[in-house]
Amino acid sequence: MLLILVSWIYILLISAVIGVSTLKAFKIAKSHPVVTIIIGLFGVTLLTSIWAIAWAVNWQFHVLLFFISCLLFVVNKSFIVSYLKLSTNEFKSLKLFYKILFIVISFLILAQCASPPFIIDNESYYIQTIKWLNEYGFVKGLVNLHLFLGQTSGWHILQSAFNFSFIYDRFNDLSGFMLLLGNYYAITHLNSYSLKSRSVLSLGIVALFPVLNVFFFQFICAPSPDMAIYVLALVVTHQFLSCYETFDKNIFITLVLLTLFMVIIKPTILLFSILPLILFKRYFIYTRSIAKLLLIITGVVGLILIIKNTIITGNPLFPLNTLRIADFSWQLPKEIASYFSLYGKAYGYQMTPEAYEASSWLIRFKTWLFASGLHGVFNKIMISLLIIMPFIIFKFYNKRSYMVLYSVGLMSIILLFAVSPQYRFFFPFVMIFGLMILRLLIVNTKTLKTVLVMTTIIAAIPLIFSVNNQQFTANKHHRITSQFSTNYIIQPYGISKYPKDYKVIAVGNIKFNIPEQVDFFWGTGNIPLPAINKEQLDYFKTYFEVIPQQNTEDLKDGFYTKHVSKK
């Protein structure tokens, strides 16, 4: 816990310096401290992405990052000092209850982050994605080694910048830092909400975010891009609602930057970009003067995504396999890309690829709606919200901005039905619509505080006691929650819950590192590069008659897929 806290303080300072400097460059006079820090994280992500095109994200990168931060501090010292004072004063202005609440939540977040990682995706590709970035940067054709490595989310790029792998091997907790920021953003607005006016609807919605910690805590002991998206969705929604009725140039620019950050983290969240586009058109008389500047930064983000995708997958528009605009030698074979595209769609409906192809849309929808575990629960909640929210908005939130928000949510779920309707992809709208309803149910301050205290206690229970999630999930890897131990007070648990045992197998011109105690198809855990699961390797060789191979003896030169004949 203690070492994580120290690393977060460093991340906070670097992000604050870069965030304040970015806001100054865009001539933004005022912004919430959390928004400033997140924009700083966005700036670090862009810098890291550019660096990773050619080099490993290692100690040399940190020398550059530290030098740039020091230079920006000197240039913008008065602005940064002023920002720190305002941030300190804002915390001091919190009521005692909210100060205690934030401190308790912060402690619990640190404890959860120090505990063993829970998300199984961490073991299949989070760790390995970040390891490749730390040791080589973007690697040509990396998708040929492991399909999931083709994603290389902006969140993992940022984590590779802040895991300090050259001095320590147990930092993997940026999602916890993001949740902390989200809670502070909510609590500062909660303070204003309780003191000033209950009539500000958007303020009430964002202020209730901490009640969801009971759900979010399981995402934060690994660098889950979903956690970053949930926090950003909250802030973006609030910024949009604040700017819709009365235009504010500062809020609009930050909204654009935050939305671009969402896209570079998870391109499937692209429809959130409709929100700043609506404001751009609605207030074109004000926005046209900054159109070129916003177009430049949008172009930079788009170019980074295209370059990253081209290097790693050979597909500039990855993960859209149907729109291949170029043909590179390190692309996945079409039959593999097509099969696993189908696999992803089928998984979203909780079906096998064969059952998915043989089913009508109605059967798929029924299977999706009545899926077991959390999938079925959230699927039913989302459909229910889509049905009732227009009536709730008309009766209690009778403003066009909320219908715009609902429309974006509706378009998102329709798009996901065509791609992969997994609940974690549409959860941002479940969260927003759910908070809109909750805001109507909490009628007084006493009830509000009771709800906050109870949900915080419930969130803490899995840290102390072993909780069996069997009734919520069929995935055996997610049935038992990770618990905190006093052994983690100073040093956190490692970044993988699996042992580092592995064996070396030579296949063609590659010597693969094979995990010996990771028991699922895509799993690799935290073992040296290049890592692959034996089950995955054998499956591809048997059913697709392919194996991954190196382009040269240097891993930095990347991989391609080689066809082999069955013996």
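Residues numbered from 1 in each chain as written. Predicted model: local features only at pLDDT ≥ 70, side-chain atom pairs only at ≥ 80, totals over all residues. Heavy atoms only, no water.

S.K.: So what's going on with the overall build of the protein chain? Which residues, and what values?
M.R.: Counting secondary structure elements, the protein chain contains 23 helices and 4 strands. The principal-axis extents of the C-alpha atoms in the protein chain amount to approximately 75 × 60 × 55 Å. A separation threshold of at least 6 residues defines the contact pool for the protein chain, and within that pool the share at least 24 residues apart is 70%. Split by element, the accessible area of the protein chain, about 24,300 Å² in all, is 66% carbon and sulfur. (Helix = DSSP H or I, 4+ residues; strand = E, 2+ residues; numbered from the N terminus. Contact = heavy atoms within 4.5 Å. Areas by Shrake-Rupley, 256 points an atom, 1.4 Å probe, with all protein chains shown as cover.)

S.K.: Any chance you could break down empty space enclosed by the protein for me, citing the residues and the numbers?
M.R.: In the structure shown here, the tally under the stated rule is 6 cavities of 30 Å³ or more. Those elements giving two or more residues to the lining of the largest cavity turn out to be α23 (534-544) and β3 (546-550). Of the residues assigned to the lining of the largest cavity, the class counts are 10 nonpolar, 4 polar and no charged. (1 Å grid on protein atoms, 1.4 Å probe; cavity = no way out; pocket = protein on both sides within 12 Å on 5 of 7 lines; lining within 4 Å. Points joined across faces, edges and corners; volume = space filled by probe spheres on them. Nonpolar A, V, L, I, M, F, W, Y, C, P; charged D, E, K, R; others polar.)

S.K.: Kindly report on a nonpolar patch on the surface, identifying the contributing residues and their values.
M.R.: Where nonpolar side chains cluster on the molecular surface, the patch consists of Val214, Val453, Met454, Ile457, Ile458, Ile461, Ile464 and Phe465 and spans about 700 Å² of accessible area. For the nonpolar patch, the leading source of residues is helix α22 (residues 445-464), giving 6 residues. Considering the arrangement of structural elements, one finds Ile461 in helix α22. (Patch = residues over 30% accessible without salt bridge, like charges linked within 9 Å, V, L, I, M, F, W, Y side chains within 5 Å. Salt bridge = Lys/Arg side-chain N within 4 Å of Asp/Glu carboxyl O.)

S.K.: Can you break down the nonpolar core residue by residue, with the values?
M.R.: Within the largest apolar cluster, 180 residues are counted, with the highest numbers of intra-cluster contacts made by Phe216, Phe261 and Met431. The biggest single contributor to this core is helix α11 (residues 225-244), with 14 residues. Excluding anything up to four places from it in sequence, Phe216 contacts Leu179, Phe209, Met227, Tyr230, Phe427 and Met431. Val143, Leu147, Ile336 and Val546 belong to the second-largest nonpolar core, a separate cluster that totals 15 residues. (Core = buried A, V, L, I, M, F, W, Y, C linked by side-chain atoms within 4.5 Å. Buried < 20%, exposed > 50% of the residue type's maximum accessible area, 1.4 Å probe, protein only.)

S.K.: Describe the pattern of salt bridges, naming the residues involved and giving the relevant values.
M.R.: All chains considered together, the criterion is met by 4 salt bridges. Measuring nitrogen to oxygen at the nearest pair gives 3.3 Å for the salt bridge that ties Asp226 to Lys266. With Asp226 in helix α11 and Lys266 in the loop between α12 (249-265) and α13 (274-282), the pair connects residues that are 40 residues apart, well separated along the chain. Here the two residues Asp226 and Lys266 agree in accessibility, since each one is buried. In this structure, Asp226 and Arg424 form a salt bridge, with 2.8 Å as the shortest nitrogen-oxygen distance. In this pair, Asp226 sits in helix α11 while Arg424 sits in helix α21 (residues 423-441), placing the two residues 198 residues apart along the sequence. Judged by its relative accessible area of 3%, Asp226 falls in the buried class. For Arg424, a relative accessible area of 21% gives the class partly exposed. When salt bridges that share partners are traced, they join Asp226, Lys266 and Arg424 into one network.

S.K.: Which residues make up the layout of surface pockets, and what values go with them?
M.R.: Over the atoms a probe the size of a water molecule is rolled, and this reveals where empty space is left. The space that makes up the second largest pocket amounts to roughly 950 Å³. Those elements that provide at least two residues to the lining of the second largest pocket are α1 (2-25), α2 (33-52), α4 (77-92), α8 (174-195), α9 (201-207), α11 and α12.

S.K.: Describe unusual backbone geometry, and please don't skip the residues or the numbers.
M.R.: A cis amide bond links Phe318 to the next residue, Pro319, at an omega of 15°. At the junction of Leu529 and Pro530, the peptide bond is cis and its omega measures out at -10° in the coordinates. Here Pro530 shows up in the loop between β2 (510-515) and α23. Although it is not a glycine, Lys27 sits at a positive phi angle of roughly 60°. Structurally, the position occupied by Lys27 is in the loop between α1 and α2.

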